[in-house]
Amino acid sequence: MTVTVRAPAKVNVQLSVGGARPDGFHDLANVFLAVGLYDEVTVTPADELSVTCVGTDADQVPLDVTNLAARAAIELGRRYGVDPRVHIHIAKDIPVAGGMAGGSADGAAALLACDTLWGTNASRGELLEICAELGSDVPFALVGGAALGLGRGERLKALEVGGTFHWVFASAHRGLSTPAVFREFDRMNEGVRIPEPVASPELLAALAKGDAAALAGAVSNDLQPAALSLFPELSRTLAAGRAAGALAALVSGSGPTTAFLARDPESADAIAGALSASGTCRTVRTASGAAPGATVLAPGATVLVPGATVPAPGAH
Ligand code: C5P
């Protein structure tokens, strides 16, 4: 038996960062939107725990126990007394080290896949708890949609989304380390009194209405100056997307992927074409959101959402 789970990438439409906490993390007001770029993780019983990965940048993905997918299998196994002897295969479509939570998506996907394979039937609450142990962005990859993340981003409150938002994502020629970007944020804000981060009411209203222009006026990312300080060339990519008609252009999370909000799918295609031609980035993708969270894919034409059965696109 094998189980495959698909999990989405995210863009942060708001990322407000507070001061460094004693544990080194930062309190956040983090508005996540899941977008339709996915990694697929397949788990198969095996003699020992192993990880393989195919897809864009697969050579940059660690295949040892530092991989969040392996850590998810080990942690679920530890809690339920199951020896985590599985082969984990990751089909990667989310940019690696890009600020789109690709590693977190793999962690959430592997957790749900092992829970299904082993029949451990962990509660949603326990799965979320394990996700939070794995990393700040992992719980959101499990739930998807849109959510406000408080604390270090792991305490989630689901948000209403009233329409589809069309995005273009440009990946960069190299990655950025999330801890390094937070350290740069701290360096740039030394001696500054940083207010407690709160969600923007305008932004939440724009999401709820599905109003792209209003969302564009409200997006913000406190990590953007730090990412640009470490990777100044990103400002050229942002400028190229703005010039091509993006309603908003911002760094996704800690970067270096840049995100462009488009008016409609046609505009997204035009922005993608202009960014590809600009020579300022490596690959360009379009994706819309909100997208569903980690989902078990059944062999055949049916997509199984935990707790519900939804026909796959094109199925009747
Ligand atoms: O939780 P995660 O392992 O994804 O975080 C990676 C790093 O990003 C942390 O080690 C920390 O340096 C930084 N971080 C932070 N505050 C957060 C989330 C992450 O400082 N809320």
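Heads up: the structure comes first, above all this text.
Draft legend 1. Spotlight on unusual backbone geometry. A cis amide bond, omega 5 degrees, links glycine 255 with the succeeding residue proline 256. Secondary-structure assignment places proline 256 in the loop between strand S9 (248-251) and strand S10 (258-262). Cis geometry is adopted by the peptide bond preceding alanine 290, which originates at glycine 289 and carries an omega value of 15 degrees. Among the structural elements, alanine 290 can be located in the loop between strand S11 (283-289) and strand S12 (295-297). Although it is not a glycine, alanine 97 adopts a positive phi angle of roughly 50 degrees. Mapping alanine 97 onto the fold places it in the loop between strand S4 (86-92) and helix H2 (102-118).

Draft legend 2. Region of interest: the packing of aromatic side chains. A full pass over the atoms with the stated rule returns two aromatic pairs. Judged by centre distance (4.6 Å) and plane angle (5 degrees), the rings of phenylalanine 32 and phenylalanine 140 are stacked. With phenylalanine 32 in strand S2 (residues 26-45) and phenylalanine 140 in helix H4 (residues 138-143), this residue pair connects regions lying 108 residues apart in the sequence. Note on accessibility: phenylalanine 32 and phenylalanine 140 belong to one class, buried. Aromatic side chains tryptophan 167 and phenylalanine 169 sit 6.0 Å apart centroid to centroid with 15 degrees between the ring planes, which places their arrangement in the stacked category. It is arginine 6 that lies over the ring of tyrosine 38; its NZ or CZ is 3.9 Å from the centre.

Draft legend 3. Expanded view of the site of the ligand. The environment of the ligand is formed by Gly24, Phe25, His26, Leu28, Gly135, Ser136, Arg152, Thr178, Pro179 and Phe182. The side chain of histidine 26 places a nitrogen or oxygen atom 2.7 Å from an oxygen atom of the ligand. With respect to the ligand, the side chain of serine 136 contributes an N or O atom lying 2.5 Å from an oxygen atom. For the ligand, the protein covers 73% of the area, taking 450 Å² as the surface of the free molecule.

Draft legend 4. The side chain of glutamine 224, seen in detail. Tracing the sequence through the fold places glutamine 224 in helix H8 (residues 224-230). Residue glutamine 224 is classed as buried on the basis of its relative accessible area, which comes to 15%. Reaching out from glutamine 224, the side chain makes a polar contact with the backbone nitrogen of valine 251 at a distance of 2.9 Å. Dropping the residues within four chain positions of it, glutamine 224 is found in contact with Leu238, Leu250 and Val251.

Draft legend 5. Up close: the environment of arginine 85. Mapping arginine 85 onto the fold places it in the loop between helix H1 (68-80) and S4. Classification of arginine 85 by relative accessible area gives partly exposed; the value is 45%. Spatially, the C-alpha atoms of arginine 85 and aspartate 186 are 41 Å apart, while their sequence positions differ by 101 residues. Those residues within four positions of arginine 85 in sequence are excluded, and the remaining contacts are Thr44, Pro45, Ala46, Asp47, Glu48 and Leu49.

What counts as what
- Residues numbered from 1 in each chain as written.
- Predicted model: local features only at pLDDT ≥ 70, side-chain atom pairs only at ≥ 80, totals over all residues.
- Heavy atoms only, no water.
- Helix = DSSP H or I, 4+ residues; strand = E, 2+ residues; numbered from the N terminus.
- Phe/Tyr/Trp six-rings, centres within 6.5 Å; stacked < 30°, edge-to-face > 60°.
- Buried < 20%, exposed > 50% of the residue type's maximum accessible area, 1.4 Å probe, protein only.
- Lys NZ or Arg CZ within 6 Å of the ring centre and 35° of its normal.
- Near = heavy atom within 4 Å.
- Polar contact = N/O pair within 3.5 Å; in protein donor to acceptor, adjacent residues only side chain to side chain.
- Areas by Shrake-Rupley, 256 points an atom, 1.4 Å probe, with all protein chains shown as cover.
- Contact = heavy atoms within 4.5 Å.

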